[in-house]
Number of protein chains: 2
Amino acid sequence: MFNVKSKMNSGFGNLQGGLFSKIEKADVGDGVAKLLSSGVDILGWADPFFPDPSIPEKVKKVMISALEEGKVSHYSLPIGRPELRAEIAKKISRQTGLDINPSRNVIVTPGSDSGLLYALMPFISEGDEVLVPKPSYPSNFLNPKLLGGKTVEVPLYDEDNYAFRIDEFEKRVTSRTKVVLITHPNNPTTTVFRKENLIKLCDFVKKHDLILVSDQAFEDHIFDGIEFVSPATIEGMWERTLTVCSISKGIGLSGFRIGYIYASDEIMEVLYGGAVNVLGAASTLSSIGAEAIINDVEYLDEVFEKLERRRDLVNEVFKDTPGISFRPSESGILTWINVSKLGKSDDIANYLLKEANVLVNSGVPYGMEGYLRIVTACIADDDKARAVFEKMRNAFIKKYYELK
Amino acid sequence: MFNVKSKMNSGFGNLQGGLFSKIEKADVGDGVAKLLSSGVDILGWADPFFPDPSIPEKVKKVMISALEEGKVSHYSLPIGRPELRAEIAKKISRQTGLDINPSRNVIVTPGSDSGLLYALMPFISEGDEVLVPKPSYPSNFLNPKLLGGKTVEVPLYDEDNYAFRIDEFEKRVTSRTKVVLITHPNNPTTTVFRKENLIKLCDFVKKHDLILVSDQAFEDHIFDGIEFVSPATIEGMWERTLTVCSISKGIGLSGFRIGYIYASDEIMEVLYGGAVNVLGAASTLSSIGAEAIINDVEYLDEVFEKLERRRDLVNEVFKDTPGISFRPSESGILTWINVSKLGKSDDIANYLLKEANVLVNSGVPYGMEGYLRIVTACIADDDKARAVFEKMRNAFIKKYYELK
Ligand SMILES: Cc1ncc(COP(=O)(O)O)c(C=O)c1O
Ligand SMILES: Cc1ncc(COP(=O)(O)O)c(C=O)c1O
């Protein structure tokens, strides 16, 4: 019998989560559609205001008129439409103060998931190692392996508010270490790494002559006036940092599939050179939509207010709930909850699905047992969201008293 | 001085075509936009009817109403919207007779360029070899290298009408050979590999226990009643074939970025497992547009008529032009012209740009000196296209008499 797996490299041959292992897996298979249609509230899909309508009128307008004109059937440039790169360069400069040339320092990617893989590709040969803080976005644990490399997890600790411990990095660096891959702000914890902590990490990166890939999908909405620092702006880092961003979370346009990478000319030369092969191009119509909104500061403020209000609502509903604990989110659309007093992550996630009819994420794929990740900015209407949170709170309380 | 290239693997470190080497390169940099705005006719961008409007009214309608509803800001499933996979399965069955399960045998890719790389990724480790017929689509020569593998070119010959010569494959197979990667119909030659020829290639693939990746971006429009056979339908091939398709060429919706792969359950398990990481997802709105049209046989017939008429127009205008020779296209949107009597490919392409104000592709990146690839199905209006072809013919004639 022909065994196709015997033809595969170890990165893909050992892959979990495909067809046979978990065909219902919400984020890959048809599971989420089935759950939605059966009335489950989905707070496990990092997609702002899902499943409710949430496209700004202005974006609709330019996209409808582009459709009517009929030319968006045609390719964009593989490195991204010049108009979109210009807007992205403006956004980056606005947020970081960096001087960004849209034809030398920016590449558009069809979403930042493919951008994250692309940022690693040039640097990883078989056996090369990537240091990945844990917990983190699950893709970051798998990507080095898919490229034939090795993922070396570096623990972060709840008691540190998930800041980097440099000695944990130092312990794990070897002659094969090539890249440090961080998610900043972190997913699932929402942690915004503080400037002093980032400077220490960058010192480590420079000391060992490494590359830094910074996944900043959640950079657009930072609460409580915490300073957000893009590590590419730290001294000596521009030449060795690839910053991977997205309009999926901060602008709330996940379905458009627009992400981008910014980096030095020398790095971008290589990313431009492989663009056709690895990326193809982004959707032309999505690009036109993105152009219209990513520097609309008024709209971004509106989103910020909604997300902040939602964050406060979460704090209000869940505070003092027996059996769970959490910190107020520092950024974005998520809440990271310690449920270890109630049980294991997977068990509590399953319990919530049955008891409260809500889908949330077990912390395990993110790298921690005893936690749940909840996409608290799903559902557009605050009152509806509150009702879902209250169902969850009641389920937590019920569980707590069952265990007592 | 920090040298970022010293940190790169050989696949990316040696990449040509990026920022510094050819910033004007039409298919990567901003060159094509500049050329267009300076009045050059672009016949070097494999994009049907570019730059003219060409979206079917039906597609516009469903997309506009989806935009108005406002939910297309949200993610599709990483393996593709169930509705789109259902339509794709129907299309594949209609074209091949294969029994395709949309939840087990189909994955949507954001364009088939990323699909082509993804189809190779599971099978290539450092040093593995991929046999690629030449001439072919340039990405196919580079992809194995980007994955740390080696591209082994297998020549095709004009005098054979570019059919496979199996002895040329046999000569090049080694213990490291993993994959045969074909483009069928071929780009740039438009060759439809004939059934007997394909069966011989498949016998070779089975004999050496290899994987076949078949790039079928141009499969939708085959002229002169030539039989088109998808190699996955040949005995013993289903279990070892990945077929990579696109709506860019045949349906003419390049800017939508929708491609797809079909393969066995065992292969698809792995592709589903890496979908989030490698692909992310396709654009939700593009998916909805694609769903509305890919099985509209009436529309496809309409496109076929236009392309056939254009093919005939090309034959009419260029026949008996001194200095050049070509075969009538067998498929799609291209014409492959032998200009070796007039000069080198690059020189003649540059000459056409200056003399006739037309951008076409040198045959060199496709693997052959002395040829040009012309995207003869650019420009919607036949009379306008004829005028451009006539400018080119006059330039060829002028060159021919200059050389005499
Ligand atoms: C931390 C992080 N980075 C990147 C992504 C990818 O987002 P996209 O591909 O939509 O840009 C996600 C999506 O969940 C994410 O959570
Ligand atoms: C032979 C062939 N395959 C695949 C592609 C990729 O097309 P897309 O990414 O638009 O599906 C192209 C584009 O030119 C092509 O010529």
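Everything below is about the structure printed above this text.
Conventions used here
- Residues numbered from 1 in each chain as written.
- Chains lettered and ligands numbered in written order.
- Predicted model: local features only at pLDDT ≥ 70, side-chain atom pairs only at ≥ 80, totals over all residues.
- Heavy atoms only, no water.
- Helix = DSSP H or I, 4+ residues; strand = E, 2+ residues; numbered from the N terminus.
- Rg over C-alpha atoms; globule rule 2.2 N^0.38 Å.
- Buried < 20%, exposed > 50% of the residue type's maximum accessible area, 1.4 Å probe, protein only.
- Contact = heavy atoms within 4.5 Å.
- Areas by Shrake-Rupley, 256 points an atom, 1.4 Å probe, with all protein chains shown as cover.
- Lys, Arg positive; Asp, Glu negative; His and termini not counted.
- Charge placed at Lys NZ, Arg CZ, Asp CG, Glu CD.
- Near = heavy atom within 4 Å.
- Polar contact = N/O pair within 3.5 Å; in protein donor to acceptor, adjacent residues only side chain to side chain.
- Nonpolar A, V, L, I, M, F, W, Y, C, P; charged D, E, K, R; others polar.
- Salt bridge = Lys/Arg side-chain N within 4 Å of Asp/Glu carboxyl O.
- Least-squares fit on C-alpha atoms with pLDDT ≥ 70 in both.
- Phe/Tyr/Trp six-rings, centres within 6.5 Å; stacked < 30°, edge-to-face > 60°.
- Pairing = 2+ DSSP bridges.
- Axes fitted to C-alpha atoms, helices over the stretch in contact; angles between N-to-C directions.

A.B. asks: Mind showing me how you'd approach the overall build of chain A here?
C.D. replies: In terms of regular secondary structure, chain A is built from 14 helices and 13 strands. Taking 404 residues into account, the globule formula puts the C-alpha radius of gyration at 22 Å, and chain A, at 21 Å, falls close to it. In terms of overall dimensions, chain A has a C-alpha envelope of 60 × 60 × 55 Å along the principal axes. Counting the 404 residues in chain A, one finds 65% classified as buried. In chain A, of all internal contacts separated by at least 6 residues, the share reaching a separation of at least 24 is 74%. Of the accessible surface of chain A, which amounts to about 14100 Å², a share of 49% is contributed by carbon and sulfur atoms. One way to put it: in chain A the 48 positive side-chain charges average out to a point 4 Å from where the 56 negative ones average out.

A.B. asks: Would you mind going over the site of ligand 1 with me for this structure?
C.D. replies: Near ligand 1 you find 15 residues, and of these A:Ser112, A:Ser246, A:Ser248, A:Lys249 and B:Tyr75 are the closest. More than one chain reaches ligand 1: its neighbouring residues belong to chains A and B. Here an oxygen atom of ligand 1 sits 2.5 Å away from a polar atom, N or O, in the side chain of A:Ser248. The element best represented in the shell around ligand 1 is helix α5 (residues 112–120) of chain A, accounting for three residues. Residue classes in the shell around ligand 1 are distributed as five nonpolar, six polar and four charged.

A.B. asks: Explain the pattern of salt bridges to me, please; I cannot follow it from the model alone.
C.D. replies: Pairing is possible between side chains that carry opposite charge, provided their charged atoms lie close to one another. All names here are of chain A. Taken as a whole, this structure holds 58 salt bridges over all chains when the rule is applied. For the salt bridge of aspartate 296 with lysine 58, the shortest nitrogen-to-oxygen distance reads 2.7 Å. Here aspartate 296, found in the loop between α11 (284–293) and α12 (297–318), pairs with lysine 58, found in helix α3 (residues 57–69); they are 238 residues apart in sequence, far enough to count as distant. What makes lysine 58 partly exposed here is its relative accessible area of 40%. Residue glutamate 168 pairs with arginine 172 through a salt bridge whose shortest N-O separation is 2.8 Å. Within this pair, glutamate 168 and its partner arginine 172 are both found in helix α7 (residues 166–172), separated by four residues, close to a single helical turn. Taking relative accessible area as the criterion, glutamate 168 reaches 5% and is therefore assigned buried.

A.B. asks: Explain the relation of the copies chain A and chain B to me, please; I cannot follow it from the model alone.
C.D. replies: When chain A is fitted onto chain B, the two copies agree to an RMSD of 0.0 Å after a turn of 180 degrees and an axial shift of 0.0 Å. Viewed as a symmetry operation, the transformation between the two copies matches a two-fold axis. Looking at the rotation axis and the C-alpha trace of chain A, the residue lying nearest is A:Ile64, at 2.9 Å. Comparing contact sets, 100% of the residues at the interface of chain A also lie at the interface in chain B, consistent with an isologous, same-surface contact.

A.B. asks: What should I look at first to understand the packing of aromatic side chains in this one?
C.D. replies: How two aromatic rings sit relative to each other is set out by the distance from centre to centre and by the angle between their planes. Under the definition given, this model contains 24 aromatic pairs over all chains. When the centroid spacing of 6.4 Å and the interplanar angle of 80 degrees are considered together, the rings of A:Phe318 and A:Phe326 count as edge-to-face. Residue A:Phe318 is classed as buried on the basis of its relative accessible area, which comes to 1%. Between B:Trp336 and B:Tyr371, the aromatic rings sit 4.9 Å apart at their centres with planes inclined by 10 degrees, giving stacked as the arrangement. Taken as a pair, B:Trp336 in strand β10 (residues 335–338) and B:Tyr371 in strand β13 (residues 371–374) lie far apart in primary sequence, 35 residues in all. Each of the two residues, B:Trp336 as well as B:Tyr371, counts as buried.

A.B. asks: How do you make sense of the site of ligand 2 when you look at a structure like this?
C.D. replies: Neighbouring residues of ligand 2: 15 residues in total, closest A:Tyr75, B:Ser112, B:Asn187, B:Ser246 and B:Ser248. Neighbouring residues of ligand 2 are not confined to one chain but are distributed across chains A and B. At 2.7 Å from an oxygen atom of ligand 2 is found a main-chain nitrogen or oxygen belonging to B:Ser112. Within the side chain of B:Lys249, one N or O atom sits 2.7 Å away from an oxygen atom of ligand 2. In isolation ligand 2 has 390 Å² of accessible area, and contact with the protein removes 96% of it. Tallying contributions element by element places helix α5 (residues 112–120) of chain B first for the shell around ligand 2, with three residues. Its residues placed into classes, the shell around ligand 2 shows five nonpolar, six polar and four charged.

A.B. asks: Quick question: what am I supposed to make of the sheet that holds strand β9 (residues 325–326) of chain A here?
C.D. replies: In a beta sheet, neighbouring strands pair by backbone hydrogen bonds and run either parallel or antiparallel. Read across the open sheet, the four strands follow the order β9-β10-β13-β12 (chain A); overall the sheet is antiparallel. Here the strands that pair on one side only, and so sit at the sheet edges, are β9 and β12 (361–362) of chain A.

A.B. asks: Teacher, can you tell me more about the sheet that holds β13(B) here?
C.D. replies: All names here are of chain B. Spatial strand order, β9-β10-β13-β12: four strands in an open sheet with antiparallel pairing. The sheet terminates laterally at β9 (325–326) and β12 (361–362), the two strands that pair on one side only. With four bridges connecting them, β10 and β13 associate as antiparallel partners. Considered in β13, the bridge of threonine 335 is made with isoleucine 374. On the sheet, helix α13 (residues 345–356) packs against β12 and β13 and is oriented at approximately 45 degrees with respect to β13.

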